[in-house]
Amino acid sequence: MTVYAAPLADIAFVLDRICHLGDLAEFEQFAHADPALVNDLLAEAGRFMADTIAPLNPTGDAQGCTRHPDGSVTTPDGFVAAYRAYVDAGWGAVPFDPTYGGGGFPWVVGIALQEILTSANMAFSMAPLLTQGAIDAISHHGDDALRNVYLPKMISGEWTGSMNLTEPDAGSDVGAVRTRAVRAEDGSYRISGTKIFISFGEHDLAENIVHLVLARTPDAAPGTRGISCFIVPKFLLNDDGSLGAHNDVTCVSIEHKTGIKGSPTCVLSFGEGAFGDEGGAVGYLLGEEQRGMATMFTMMNQARLSVGLQGLALAERAYQQALQYSHDRHQGRAPGAPAGESSSIVDHPDVRRMLLTMKATIEAMRRLVYANAAAIDRSLHAADPGERAAATEVAALLTPLSKGWGTDMGVELTGIAVQIHGGMGFVEETGVAQHWRDSRITTIYEGTNGIQAIDLVGRKLTMRGGAVVKEHLTEAGELAGRLVAASELSLAGGRLLSSVETDGRAVHRLAPRPRRRSAGAPRRGHAVSAGAGDGGGRRPDGAFGAGCAGRSRGRPRGPRLPARQGARDAVLLRADRPAGRRARGRGLRWRRRARVRHRAPRSVAGVDPRLGPARRRVRDR
Ligand SMILES: Cc1cc2nc3c(=O)[nH]c(=O)nc-3n(C[C@H](O)[C@H](O)[C@H](O)COP(=O)(O)OP(=O)(O)OC[C@H]3O[C@@H](n4cnc5c(N)ncnc54)[C@H](O)[C@@H]3O)c2cc1C
């Protein structure tokens, strides 16, 4: 097994050049977060995670968690002491509100810490991850009483959080939740039902667990609209804030899994009478009744970014291991090596290709995820309302990309690390297979990547009539133009241009457009976005849509390209094609589009208001 070293220089580069941490430190709230201090903080975190948390990664995988007959769960050897050290050092509090004991650092600094923690030990990192999400939900939706009771203990890490959405019949279709919540005379609620797959739903790391639970009140509307969110603590609190009676929440079993074996995945039963008979577990409404999805979305969006980060963190850990192995392992003679030499496999071009693929993709993943987190910081704390609004849109656009692409790449890259190890990668001895197994869940939980795609296409690409993503593509097109102009990077620039062109074409086809025959009338279900984006044949994005301005009510004629340097190169590339082929290609595209329309008027679930209720529900997951 190799040691883990936090990639401090790479992280510092992204914080400085992509996230502009120095600018964030000029916000009033972050005045103390100057880059030099942040770099010192991360260096210390790197030492702590490498020394204290990383060594428990293979042992946690080998040992897993244990559920006892009384429903209690113990984590692998060493986890309790390591968690105590983590809490004592205050790592979990760094990005939270100082009013409740937090460090008041930007969220992107919290993300950097989380990367290091997750690379060190993903299973262990699940407890702080879920706690962070619960803190965020309570901060945004709780009243002062709830905040004062729960936030200080959760921010310090003395209590952990859990997220309870999934039920046997409610996975992606969260609107099918059946857990019941009945209001009691004192204003609290009685919760009864079963939740499955609850990460750190029961464990021995902390003295209390704050479950956030989705449930349905008796007269609630069907589907996601009728869901409410409740705080259900494992231990109820006495008037003086000390821990009181055990709430009626029981861990009925834990799962035997492919990976993250040190993270207990629990089936929780609420209100089955195992602890007292109050007619259900005692819960407290968080936010408004029947607005639970909005509350839980605060937690889920945060968790989605964190799960995207898991893809990056595991890929980084696997890369470090593969790089080390490729130096140590000798096989065959590399091109140019002296006769009779047994070369390190790192000298073989194919192994280099794999390593470079990993390294380059990891760099891109880190830029995406950190840019996403910095956008969240700006959306919450920028002084200028315009900057806040723009950053909110960017964060919304990037979240399904961070989660979906980040985790797809996490599985891909950890798989490449196994490949670099050859047969030793497939056996457990080297430990690299653990990263691959651990990564496999990331494309599944927090909304499967299929659900992320639906979110991206159905909600995010259509934001402001498609203008948000087009602004993003315009920027990418400009960058591509600059790369093409710099001769040593022209190949990368050309590839980026080609991607921007393809994406632009896809976005254009997906953007809501008014129907031709009802001139000016917005499409059903797209009143706002169509009106704001395409209405009257004018597009809000001068640059990206410039080529098509004035004819948006008709069918699209070819892709809309970035208007500046990069776009000109792309246009020239296209113009190189013979005129006959261009015309033919256009005609074919049209016919193909017509056929697709005939088969499925709008093939994207989540966009079409005509879809049945069951399919509409997944938009909310
Ligand atoms: C280790 C682990 C930890 C977890 N932790 C938690 C937790 O802490 N809290 C919690 O609440 N849940 C948790 N989960 C549950 C997890 O979020 C769900 O497993 C996930 O949301 C998928 O639901 P499902 O398993 O029911 O799959 P299903 O919803 O049955 O999906 C099966 C397949 O169908 C696809 N699919 C389903 N519906 C659609 C659709 N409308 N359109 C297109 N494709 C669709 C999916 O993409 C997937 O490929 C955890 C799960 C695991 C395994």
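Located above this text is the structure these notes cover.
Residues numbered from 1 in each chain as written. Predicted model: local features only at pLDDT ≥ 70, side-chain atom pairs only at ≥ 80, totals over all residues. Heavy atoms only, no water.

Caption draft 1: Here's a closer look at the nonpolar core. Within the largest apolar cluster, 110 residues are counted, with the highest numbers of intra-cluster contacts made by Val-108, Leu-212 and Tyr-370. Here this core takes 16 residues from helix H9 (residues 292–328), the largest share from any one element. Discounting residues that sit within four places of it in the chain, Leu-212 has contacts with Ala-134, Ala-137, Ile-138, Ser-162, Met-163, Asn-164, Cys-229, Phe-230, Ile-231, Leu-286, Met-296 and Met-299. Judged by nonpolar contacts, the second largest core, of 17 residues, contains Ile-198, Cys-251, Leu-268 and Phe-270. (Core = buried A, V, L, I, M, F, W, Y, C linked by side-chain atoms within 4.5 Å. Buried < 20%, exposed > 50% of the residue type's maximum accessible area, 1.4 Å probe, protein only. Helix = DSSP H or I, 4+ residues; strand = E, 2+ residues; numbered from the N terminus. Contact = heavy atoms within 4.5 Å.)

Caption draft 2: Main features of the state of the cysteines. For the coordinates displayed, the defined rule picks out 0 disulfides. You can see Cys-266 has no disulfide; the closest cysteine sulfur is in Cys-251, sitting 4.0 Å from it. (Disulfide = S-S within 2.5 Å.)

Caption draft 3: How the structure looks around the site of the ligand. Near the ligand there are 20 residues, and of these Met-163, Thr-166, Ser-172, Phe-197 and Thr-448 occur at the shortest range. The separation between an oxygen atom of the ligand and a polar side-chain atom of Ser-172 is 2.6 Å. The separation between a nitrogen atom of the ligand and a polar side-chain atom of Ser-199 is 2.9 Å. When the ligand sits alone it has 960 Å² of accessible area, and the protein chains cover 66% of it. Ranked by the residues each element gives to the shell around the ligand, the list is headed by strand E5 (residues 189–199), at 3 residues. Here the residues of the shell around the ligand are counted per class, giving 10 nonpolar, 7 polar and 3 charged. (Near = heavy atom within 4 Å. Polar contact = N/O pair within 3.5 Å; in protein donor to acceptor, adjacent residues only side chain to side chain. Areas by Shrake-Rupley, 256 points an atom, 1.4 Å probe, with all protein chains shown as cover. Nonpolar A, V, L, I, M, F, W, Y, C, P; charged D, E, K, R; others polar.)

Caption draft 4: Quick peek at empty space enclosed by the protein. Tallying each qualifying case throughout the model produces 6 cavities of 30 Å³ or more. When its volume is computed, the largest cavity comes out at roughly 90 Å³. In this structure, the largest cavity is lined by 13 residues; those nearest its centre are Tyr-86, Trp-91, Leu-113, Gln-114 and Gln-132. Mapped by element, the contributors of at least two residues to the lining of the largest cavity are helix H6 (107–120) and helix H7 (122–141). A breakdown of the residues in the lining of the largest cavity according to their chemical character gives 8 nonpolar, 5 polar and no charged. Taken as a whole, the second largest cavity spans an internal volume of roughly 70 Å³. Taken together, Tyr-83, Tyr-86, Gly-92, Phe-96, Pro-128, Thr-131, Gln-132, Ile-135, Met-154, Ile-155 and Gly-157 form the lining of the second largest cavity. Those elements that place two or more of their residues in the lining of the second largest cavity are helix H5 (79–89), H7 and helix H8 (144–156). Among the elements that line the lining of the second largest cavity, the one with the most residues is H7, at 4 residues. For the lining of the second largest cavity, the residue count by class is 7 nonpolar, 4 polar and no charged. (1 Å grid on protein atoms, 1.4 Å probe; cavity = no way out; pocket = protein on both sides within 12 Å on 5 of 7 lines; lining within 4 Å. Points joined across faces, edges and corners; volume = space filled by probe spheres on them.)

Caption draft 5: Structural detail: the pattern of salt bridges. Scanning the model with the defined rule gives 21 salt bridges in all. With a shortest N-O distance of 3.6 Å, Arg-352 and Asp-347 are connected by a salt bridge. According to the relative accessible area criterion, Asp-347 is partly exposed, its value standing at 35%. The salt bridge partner of Arg-378 is Glu-387, with a shortest N-O separation of 3.7 Å. For Arg-378, a relative accessible area of 16% translates into the label buried. A cluster of three or more residues bridged by salt bridges with shared partners is formed by Asp-10, Lys-359, Glu-363 and Arg-367. (Salt bridge = Lys/Arg side-chain N within 4 Å of Asp/Glu carboxyl O.)

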